[in-house]
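Structural features, examined
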Amino acid sequence: GSFYAVNTLIDHIMTKDDPRLRDIIVKVDLKSLSKFKHDDPTKFGIAILGFPFDEGCVRNGGRDGANQGPSVFRYHCYKIGTQPNPEWNLNVADHVIIYDMGDIDANLSYDAAHQQLAKTVHKLLSKNCIPFIIGGSNDQSYFNFLGLANYLQHATPSRIANN
């Protein structure tokens, strides 16, 4: 529709004087997570992780389509500006590194995908990143928590304070 045509036109007139989030997002292949490390102590690390599943919605009588959440989020998120916050006089790019880790494999079974989500949340926390999960349906919440709980179970007070 015309909405996408207007956004495409806006994309073409962007300049370096008008940075977008896409300009500061670092794409990381989820398959290389074991080698990935956020090691800039001056910036917060935020890791976007997609969970493209809607089976939980469907099983509970809801509408399908939540599996499109990660791709729709990225489509719009990458266009958001990084304008300095005049109230605090800071620019998000000076204080945050945003990593786009991609999606949990959509070809996994429902149960395997949830287990992979929990493991990935734990690994991201272990690598000093705050996971920002884009789903899917609400059934992912427990597995987000499971990843956090596993991280905290193995964390020491000093490790938590330093993250």
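Everything in this summary refers to the structure shown in the same document. Fair warning: this is a prediction, and the values are worked out from it, not measured in the lab.

Let us now look at the sheet that holds strand E2 (residues 44-51). Spatially, the 4 strands line up as an open sheet ordered E1-E3-E2-E4, and their pairing is parallel. A strand with exactly one partner marks an edge of an open sheet, and here the two such strands are strand E1 (25-27) and strand E4 (129-135). Averaged over all neighbouring strand pairs, the angle between strand axes comes to 25°, with direction disregarded.

What follows deals with a nonpolar patch on the surface. Nonpolar side chains collect at one region of the surface, where Tyr142, Phe145, Leu148 and Leu152 lie side by side and expose about 400 Å² of accessible area between them. Checked against the element boundaries, Phe145 lands in helix H5 (residues 141-154).

Time to look at the environment of Leu49. If you trace the backbone, Leu49 turns up in strand E2. The class of Leu49 is buried, set by a relative accessible area of 0%. Residues Leu49 and Met101, 52 residues apart in the sequence, show an inter-C-alpha distance of 5.4 Å. Those residues in contact with Leu49, other than ones at most four positions away along the chain, are Leu30, Arg74, Met101, Gly102, Asp103, Ile104, Leu117, Thr120, Leu124, Phe132, Ile133 and Ile134.

Residues spaced three or four apart along an α-helix point in a common direction, a consequence of the helix completing one turn every 3.6 residues. For helix H4 (residues 110-126), which comprises 17 residues, the first-to-last C-alpha distance of 25 Å matches the rise-based estimate of 24 Å (1.5 Å per residue) to within 8%. Turning to H4, its buried residues number three or more, namely Tyr110, Ala113, His114, Leu117, Ala118, Thr120, Val121, His122, Leu124 and Leu125. Tucked inside the fold, the buried residues of H4 contact E2, helix H2 (55-59), strand E3 (96-103), E4 and H5. After H4 finishes, the residue Asn128 shows a positive phi value of roughly 65°.

What follows concerns the side chain of Lys127. Structurally, the position occupied by Lys127 is in the loop between H4 and E4. Despite its burial, Lys127 pairs with no opposite charge; the closest candidate is Asp39, at 10 Å N-O. A polar atom in the side chain of Lys127 sits 3.3 Å from the backbone oxygen of Leu33. In contact with Lys127, other than residues within four places in its own chain, are Leu33, Ser34, Phe36 and His38.

About the criteria used
- Residues numbered from 1 in each chain as written.
- Predicted model: local features only at pLDDT ≥ 70, side-chain atom pairs only at ≥ 80, totals over all residues.
- Heavy atoms only, no water.
- Pairing = 2+ DSSP bridges.
- Helix = DSSP H or I, 4+ residues; strand = E, 2+ residues; numbered from the N terminus.
- Axes fitted to C-alpha atoms, helices over the stretch in contact; angles between N-to-C directions.
- Patch = residues over 30% accessible without salt bridge, like charges linked within 9 Å, V, L, I, M, F, W, Y side chains within 5 Å.
- Areas by Shrake-Rupley, 256 points an atom, 1.4 Å probe, with all protein chains shown as cover.
- Salt bridge = Lys/Arg side-chain N within 4 Å of Asp/Glu carboxyl O.
- Buried < 20%, exposed > 50% of the residue type's maximum accessible area, 1.4 Å probe, protein only.
- Contact = heavy atoms within 4.5 Å.
- Expected span 1.5 Å × (residues − 1).
- Lys, Arg positive; Asp, Glu negative; His and termini not counted.
- Polar contact = N/O pair within 3.5 Å; in protein donor to acceptor, adjacent residues only side chain to side chain.

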